[in-house]
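Coordinate analysis (summary)
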Amino acid sequence: MSAAVQTVTFVNAGLFSVLAVVAFLQWRTSGARPLLWAALGFAAIDLVSLIGLLSETPPDAVVRIELVLLVLFPYLLYGFTTAFEQAPAGLERFVGVMTVALVLWSAVLPDIPAADEAWSNGFVVYIVAFLFHWSFLSIIAAVRLWRAGNGQPSVARRRMRFLSAASALLTAAILLAGLGSSEDSLLSLLIDVLAGLSAIGFILGVAPPVILRLLWRRPEVARSQSAIAGLMRAETPDEVTAGVLPAMVALVGARAVELRDASGQIVGSYRPREGNGEEEVEVLDLALPEGSLSVSTSKHAPFFGEEELAILRTLGSLTVLALDRARLFSQEQAARRALEEADELKMSFVALAAHELRSPVAVIHGVIETLDRRGSDLGNPQRVELDDMLRTQTRRLKDLVEQLLDLSRLDANAVSIEPHTIPVRHRVEEIVAVAAAERLDEVQVDISEGLEATVDPNAFDRILSNLVTNALRYGKAPVRISAEREDGKLQIAVEDRGEGVSPEFVPRLFERFARSDATRRRAVGTGLGLAIAHSYAEAHAGELRYRQALPHGARFELVLPSVTA
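This one's a predicted model, so the numbers in the text were calculated from it and none came from an experiment.

When you go through the protein chain residue by residue, the secondary structure sums to 17 helices and twelve strands. For the protein chain, the C-alpha radius of gyration of 45 Å lies well beyond 24 Å, the compact-globule estimate for 565 residues. Within the protein chain, the fraction of its 565 residues that count as buried is 42%. When the accessible surface of the protein chain is summed, it comes to about 29300 Å², and 58% of that surface belongs to carbon and sulfur atoms. Side-chain charges in the protein chain split into 54 positive and 68 negative, and the spacing between the mean points of these groups amounts to 5 Å.

This is the structure we're talking about:
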């Protein structure tokens, strides 16, 4: 039994020495405050182990040093846990006072009985206080570590659980040692075995081997690989973020994650659940080649998941590349759709234009053929009628060609807007005189004499003449034209007292060649006038809109910028 106990003691001394050296080197490398607490605690327990190995019956002064170190270990372990999450102020004061008192008591302990001596009442009281202090702090540390592992990724969770279990095992060893036993007894061997297992647990919690980390990380790696595969298939930015952000959250046990582009705009975010209001959260900003990644996670993540954070950066960089590819793909798709729509619009425009041109051309051709073949047989009234028909259709053909040329110039952005100051009433009266012609008395101009506006005269003429023509052709008299200045803009309304536009046709009112069934029956037209007026208004950075007139009729409102008094 003595050989077994001695062997286990040697192994324990080696394990605690390795643990102390690893914790110290990690602290020197990172400078993390939790590692300082851990390094000091493991150094304390290592010194106790080495003293026990080097001397079977150390003097009382050395024993007192051992007791002080044993008192400090659970306090340092407790400090390791509070470095992540602050404990209540009352508990901090109680633990601090209790530790200081027990350190002083250990230093001035009057008598320390030998292994074969009976314990005095004072020493028994000391042992009870010592065991209470150790158990109280170790249990708090173990519970805090175990609970902190909830919701963490696999590696961080297992590391915390190993630290918690190691703390519990060492506490059990100390409690058994407090019962007292000979160095060669089975109980002594059990105590050393528990201490050795706790040392292994601490090592696995502080610095687990790489192979173990790889095995523990397999669930997160599998999910990350699936997310990366999804990045390759994603075609839109939303698909990219929806597929990868949940994997990012799972990789580091985050409470939320936000992906930002180079300008700082959020391009995607994910929050799996509402966090606990009492939980301390740390926001980590990870820089990416283009943009950044903001991760809201527990304060344990940077310590226990440093490798996971490195993987997260890599995944974030791949996400940025996937977003760029998805944006380019979306832009290419949008450009393709725009080209298809433009091609469809062009074909429709050509077909409709040909249809509209066919009628006057057919009439003109028929009149010419009639005059050529039967001109000598026709009487004067018939020749006058054919001349009028030829003149009417020629004018219609001319107007249609001019409208088509207007639309082509507007589509090519070849219409230049050159504003000039004009007297609004005078200009409107000139336009009405030409557009209304013999129906001039059906139009009322209700505009003040002093109103002036800085607008492009040509665009203004085109818009208003089309509106007046439309009102006279499809509406009913009287047609009223009003104008006013409001918020630095010229607002002109052309209103008639006809039936107005049916609600179902309003969305298509400004489309090319768009004519309702009712207007087709009432009058001849091309369906281009309102489309041209609307395009000229937009070219002038203005707006043309339709409203139902009261009590009935159509009301078109033109809004143009740059009004002067």
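Now that the structure has been shown, we can carry on.
Moving on, we get to the packing of helix α14 (residues 424-436) against helix α15 (residues 457-474). Running from amino to carboxyl end, α14 crosses α15 at an angle of 50°, the nearest separation of the two axes being 9 Å. Taken together, the axes of α14 and α15 lie oblique to each other. As α14 packs across α15, the resulting crossing turns out to be right-handed. Taking contact as the criterion, the partners of R427, V428, I431, V432, A435 and A436 in α14 are, on α15, P457, F460, D461, L464, S465, V468, T469 and L472.

Now for the side chain of N470. Position of N470 among the secondary structure elements: in helix α15. Setting aside its immediate chain neighbours within four residues, N470 contacts G475, L530 and F556.

A word on the nonpolar core. One finds V424, F460, I481 and I492 to be the most contacted residues of the largest nonpolar core, which totals 46 residues. Here the element with the most residues in this core is α15; it accounts for eight residues. Every residue in contact with I481, bar those within four places of it in the chain, is listed here: V428, V432, V443, Q444, V445, D446, I447, V468, I492, A493 and V494. Core analysis: the second largest hydrophobic core is formed by 45 residues, I45, V63, A141 and A166 among them.

Now for the sheet that holds strand β4 (residues 291-298). A sheet is described by the order of its strands in space; here four strands give the open sequence β2-β1-β4-β3, paired in antiparallel fashion. Bordering the open sheet on either side are β2 (266-270) and β3 (281-288), each of which pairs with just one other strand. Across this sheet, the average inter-strand angle for adjacent strands is 15°, counted without regard to direction. Sheet topology note: the strand β1 (residues 256-260)/β4 ladder contains five bridges and is antiparallel. If you follow V257 over to β4, its bridge partner there is V295.

Taken together, five strands build an open sheet; the order of strands is β6-β8-β9-β11-β10 and the sheet is mixed. With one partner strand each, in any of the chains shown, β6 (443-446) and β10 (543-548) form the two edges of the open sheet. Pairwise comparison of adjacent strand axes, ignoring direction, gives a mean angle of 20° for this sheet. Here six bridges tie β10 to strand β11 (residues 554-561), and the two strands are oriented antiparallel to one another.

With that settled, the discussion passes to the pairing of β3. The pairing of β3 with β4 spans eight bridges and is antiparallel. Paired with E282 across the strands is T297, a residue of β4.

Right, let's talk about the pairing of β4 for a bit. Within β4, seven of the eight residues are buried, which leaves it mostly tucked inside the rest of the structure. Counting the residues between successive antiparallel strands, the hairpin from β3 to β4 contains two residues.

Assignment of secondary structure puts V62 in helix α3 (residues 60-82). By relative accessible area, V62 is classed as partly exposed at 26%. Between the C-alpha atoms of V62 and I51, which are eleven residues apart in sequence, the distance is 8.3 Å.

Here we come to the packing of helix α6 (residues 154-177) against helix α7 (residues 186-206). Where α6 meets α7, the closest approach of the two axes is 8 Å, and the angle between their N-to-C directions is 160°. As summarised for this structure, α6 and α7 are arranged roughly antiparallel, according to the angle between their axes. Note on packing geometry: the crossing formed by α6 with α7 is left-handed. Between α6 and α7, the contacting residues are R159, F162, L163, A166, S167, L169, L170, A172, A173, L176 and A177 on the first element and L187, L190, I191, L194, A195, L197, S198, G201, F202, L204, G205 and V206 on the second.

Moving on: the confidence of the model for the protein chain. Per-chain confidence: the protein chain averages 85 in pLDDT, with 92% of residues scoring 70 or above. Ranking the helices and strands of the protein chain by mean pLDDT puts β6 first, with 94, and strand β12 (residues 563-564) last, with 46.

Moving on, we come to the pattern of salt bridges. Within the structure shown, the criterion is met by 22 salt bridges. Between R425 and E429 there is a salt bridge whose closest N-O contact spans 3.1 Å. One end of the pair is R425 and the other is E429, both in helix α14 and four residues apart, which spans about a single turn. If you follow the salt bridges from partner to partner, you end up with E495, R497, E543, R545, R547, R555 and E557 in one network.

The rules behind these values
Numbering of residues begins from 1 in every chain and follows the order in which that chain's sequence is written. Given that this is a predicted model, residues contribute local features only at a pLDDT of at least 70 and side-chain atom pairs are listed and counted only at 80 or more, while totals for whole chains, interfaces and linings are drawn from all residues. Side-chain figures throughout are based on the complete set of non-hydrogen atoms in the structure, without hydrogens or water. A run of H or I in DSSP becomes a helix once it reaches four residues, and a run of E becomes a strand once it reaches two; helices and strands are each numbered from the N terminus. It is over C-alpha atoms that the radius of gyration is taken, and the globule rule equals 2.2 Å times the number of residues to the power 0.38. Each residue's exposure class comes from its accessible area (1.4 Å probe, protein chains only) as a fraction of the maximum for that residue type: buried when under 20%, exposed when over 50%, partly exposed otherwise. We get accessible surface area from the Shrake-Rupley algorithm with a probe of 1.4 Å; when it comes to residues, only the shown protein chains can shield them. The charged-residue count follows a simple rule in which Lys and Arg add positive charge and Asp and Glu add negative charge, with His and chain termini not counted at all. For charged residues, the charge sits on one atom: NZ in Lys, CZ in Arg, CG in Asp, CD in Glu. Only C-alpha atoms enter the line fits that serve as axes; for helices the fit covers just the stretch in contact. Angles between N-to-C directions range over 0 to 180 degrees. Any angle from 65 to 115 degrees is called roughly perpendicular, while one under 35 is roughly parallel, one over 145 is roughly antiparallel, and all others are oblique. For any helix crossing, the convention is left-handed if the near helix is rotated counterclockwise from the far helix by under a right angle, and right-handed if that rotation is clockwise. Any pair of residues with heavy atoms lying within 4.5 Å of one another is described as a contacting pair. As used here, the term nonpolar core means buried Ala, Val, Leu, Ile, Met, Phe, Trp, Tyr and Cys residues forming a set that is joined through side-chain atoms within 4.5 Å. By the convention used here, strands pair only if DSSP detects at least 2 bridges between them. As a per-residue measure, pLDDT tells how confident the predictor is, with possible values from 0 to 100. Take a side-chain nitrogen of Lys or Arg and a carboxyl oxygen of Asp or Glu: if they are within 4 Å of each other, that pair is a salt bridge.

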